[in-house]
Amino acid sequence: AIGNRVLRVAADKPHHTRVTVPGKVPAAYVAETRVRLQEASGEAPLVYLYGLTSEGFLALTVGSGRLRLFVWRGNDKPSSVVGEAAAPALTGTWVRVRVALERGVAAAKAWPDGTREPGWMIAGLAPELTVNAFAFGAWLSPRKPAAATLLFDDITLREAVPEDRVAELGDPARPLTLA
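Residues numbered from 1 in each chain as written. Predicted model: local features only at pLDDT ≥ 70, side-chain atom pairs only at ≥ 80, totals over all residues. Heavy atoms only, no water.

**Q** Residues and numbers for the sheet that holds strand β5 (residues 57–63), please.
**A** Spatially, β2-β11-β4-β5-β6-β7 is the arrangement adopted by the six strands of the open sheet, whose pairing is antiparallel. Because the sheet does not close on itself, it has two edges, and the strands there are β2 (15–21) and β7 (80–86). Averaged over all pairs of adjacent strands, the angle between their axes in this sheet comes to 20°, without regard to strand direction. (Pairing = 2+ DSSP bridges. Helix = DSSP H or I, 4+ residues; strand = E, 2+ residues; numbered from the N terminus. Axes fitted to C-alpha atoms, helices over the stretch in contact; angles between N-to-C directions.)

**Q** Give a description of the pairing of strand β11 (residues 133–140) that names residues and reports values.
**A** With eight of eight residues buried, β11 lies mostly within the body of the structure. Pairing analysis gives seven bridges linking β2 to β11, with the strands arranged antiparallel. Note that in β11 the partner of R18 across the bridge is G137. The pairing of strand β4 (residues 46–52) with β11 spans seven bridges and is classified as antiparallel. Of the residues in β11, the one forming a bridge with L46 is W139. (Buried < 20%, exposed > 50% of the residue type's maximum accessible area, 1.4 Å probe, protein only.)

Listed below in C-alpha cells is the structure:
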C-alpha cells in the first residue's frame, strides 16, 4: 500500500493526469483503491487504473455509471475491450475499484464503499501483456472544457492469490460466472 493517506488528484487539462505507484508490479497482480469525486465542472471525468506496458496499458475506467476494462497498445494499433458493466456513479461518496491481471486474464469490479463486495463484474482475455508499472488518475475529455478533483485512498498493489480466482475465469473448462 502507498500508505494510510488520501491523495488528491486535481485535473484541469484534457486527457490523462496520473500518479505512478512506486515499486515493482507482480506478474499476476490485484490493484485496488477507494475513489471519490470531490468536485467537477464541465464534462464528467473518468477515473483510470492503469497497468502500464512498454506499448500502452491495460486500463480500468469508472465514470458516468459505467465500468470499462480495455487494452490500449498505441496510437497506430487496435485497442481491445475486455468488457463493460454498470458501476456506481462517481459522486460525493466513496467507491471501491479493483482490477486484476493473471496469466492473460483481466478482471474488474466496482462497488459503493461500505456495501457487500461483488464478484468480478468484468472478466476476459488480455493476452501477451507485461505490466511494468501501475498508475491511477483522471481523464478529462479534450472535446469540452472540464476540471475535476478526485480523492484516492487505500491504494494497494499486491500479488494475486488463488482466492482472487482471476486466472480460472479464463479457463474454458469452467463456466464463466460474473456478478
